[in-house]
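Listed below, chain by chain, are the residues.
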Amino acid sequence: MDCSVAVEAAVPVYDVESTDEAVRIAISKTGEMLNPDLSYVEISMGSRHSPSGEELPPAFVAADEALVALELEMTVFNVERTEHASRIARKEIGQRLENIPLKILRIDPIADDDEESPETNSETGSNISSGDESANNTDDDSDGDNLIPEFDELVEES
């Protein structure tokens, strides 16, 4: 199973005057820490809410310093459970973002297209008689046998 894991990070930024500037610097700073090892992690502006549910800006600025909420999203492959995916994402991102608190926001299992395709093909294949499939395989083998000797003959002539 593959999972998309979203992690919230609280990134400190210094010497800023506005929330927009703080967000831009925080995204840039986080990108530098993650790249090139984790260039596949998507970085976006996080969201914050007051206790009453009112939406707040993603950065809190005080005394020219800010704490910015960022959302980091990555895909974790070949896991058995969602808990395993969250631990992997937290470890991979946490190793690069030292002293930055992380919190798992969500884990979304990704539907495997590979698993769906064989089921569809096998259903379609059951409508085709097995005799036709074996005839096709025999034809492919005989064509392959005819090509190899011709190639060998060309090599021997040179």
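In what follows, the structure referred to is the one given above.
Residues numbered from 1 in each chain as written. Predicted model: local features only at pLDDT ≥ 70, side-chain atom pairs only at ≥ 80, totals over all residues. Heavy atoms only, no water.

Asks: What is the right way to look at the overall build of the protein in this model?
Replies: The number of helices and strands found in the protein is 4 helices and 7 strands. When the helices and strands of the protein are listed from N to C terminus, the series reads β-α-β-β-β-β-β-α-β-α-α. Taken across its 158 residues, the protein has 25% of its residues classed as buried. Counted over contacts in the protein with a minimum sequence separation of 6, partners at least 24 positions apart contribute 73%. Counting only carbon and sulfur atoms, one obtains 48% of the accessible surface of the protein, whose full area is about 10800 Å². (Helix = DSSP H or I, 4+ residues; strand = E, 2+ residues; numbered from the N terminus. Buried < 20%, exposed > 50% of the residue type's maximum accessible area, 1.4 Å probe, protein only. Contact = heavy atoms within 4.5 Å. Areas by Shrake-Rupley, 256 points an atom, 1.4 Å probe, with all protein chains shown as cover.)

Asks: Teacher, can you tell me more about the environment of Glu32 here?
Replies: On the secondary structure map, Glu32 appears in helix α1 (residues 19–34). On a C-alpha basis, the gap between Glu32 and Leu97 in space is 9.9 Å, while along the polypeptide they are 65 residues apart.

Asks: For this particular structure, what's the right way to read the pattern of salt bridges?
Replies: Opposite charge on two side chains permits pairing when their charged atoms draw close. Applying the stated criterion across every chain, the model contains 6 salt bridges. Arg106 is the salt-bridge partner of Glu71, the closest N and O atoms lying 2.9 Å from each other. Of the two residues, Glu71 sits in strand β6 (residues 65–76) while Arg106 sits in strand β7 (residues 102–110), which places them 35 residues apart along the sequence. The exposure class of Arg106 is partly exposed, given its relative accessible area of 34%. Ionic pairing is found between Arg81 and Glu83, a salt bridge with its closest N-O pair at 3.4 Å. (Salt bridge = Lys/Arg side-chain N within 4 Å of Asp/Glu carboxyl O.)

Asks: Sorry, what's going on with the environment of Met1 here?
Replies: Tracing the backbone through its elements, the reader meets Met1 in the segment before β1 (2–14). Taking the C-alpha atoms as reference points, Met1 and Val79, separated by 78 residues in sequence, lie 5.3 Å from one another.

Asks: Can you walk me through the nonpolar core in this structure?
Replies: Generally speaking, soluble globular proteins have nonpolar side chains that are buried together. Val68 and Ile93 are the most contacted members of the largest nonpolar core, which has 27 residues in total. Of all the secondary-structure elements, those providing two or more residues to this core are β1, α1, β6 and α2 (82–96). Contact partners of Ile93, with chain neighbours within four places excluded, come to Val7, Leu34, Leu38, Val41, Leu72, Met74 and Leu102. (Core = buried A, V, L, I, M, F, W, Y, C linked by side-chain atoms within 4.5 Å.)

Asks: Please clarify how the pairing of β6 should be interpreted in this entry.
Replies: Looking along a regular strand, one sees the side chains alternate between the two faces of the sheet. When β1 meets β6, the two strands line up antiparallel, connected through 12 bridges. Of the residues in β6, the one forming a bridge with Val11 is Val68. Pairing between strand β2 (residues 42–45) and β6: 4 bridges, direction antiparallel. Paired with Ile43 across the strands is Leu72, a residue of β6. Sheet topology note: the strand β5 (residues 59–62)/β6 ladder contains 4 bridges and is antiparallel. (Pairing = 2+ DSSP bridges.)

Asks: Is there a simple way to think about unusual backbone geometry in this case?
Replies: A negative phi angle is the norm for most residues apart from glycine, just as the trans form is the norm for most peptide bonds. Following Asn35, the chain continues to Pro36 via a peptide bond in cis, the omega torsion being 0 degrees. At Asp15, a residue that is not glycine, the phi angle is positive and equals roughly 55 degrees. Secondary-structure assignment places Asp15 in the loop between β1 and α1. The phi angle at Asn78 is positive, at roughly 55 degrees, despite the residue not being glycine.

Asks: I keep staring at α1 and nothing clicks. Help me out?
Replies: Residues that lie three or four places apart on an α-helix share one face, since the helix turns once every 3.6 residues. For α1, built from 16 residues, the straight-helix expectation of 22 Å at 1.5 Å per residue is met to within 8% by its first-to-last C-alpha distance of 22 Å. Turning to α1, its buried residues number three or more, namely Ala22, Val23, Ala26, Thr30, Gly31 and Leu34. What you see down the axis of α1 is that its buried residues fit within an arc of 160 degrees, all on one side. Facing away from the buried surface of α1 by more than 90 degrees, the exposed residues are Arg24 and Glu32. On its buried side, α1 packs onto β1, β2, β5, β6 and α2. (Expected span 1.5 Å × (residues − 1). Arc of directions from axis to C-beta.)

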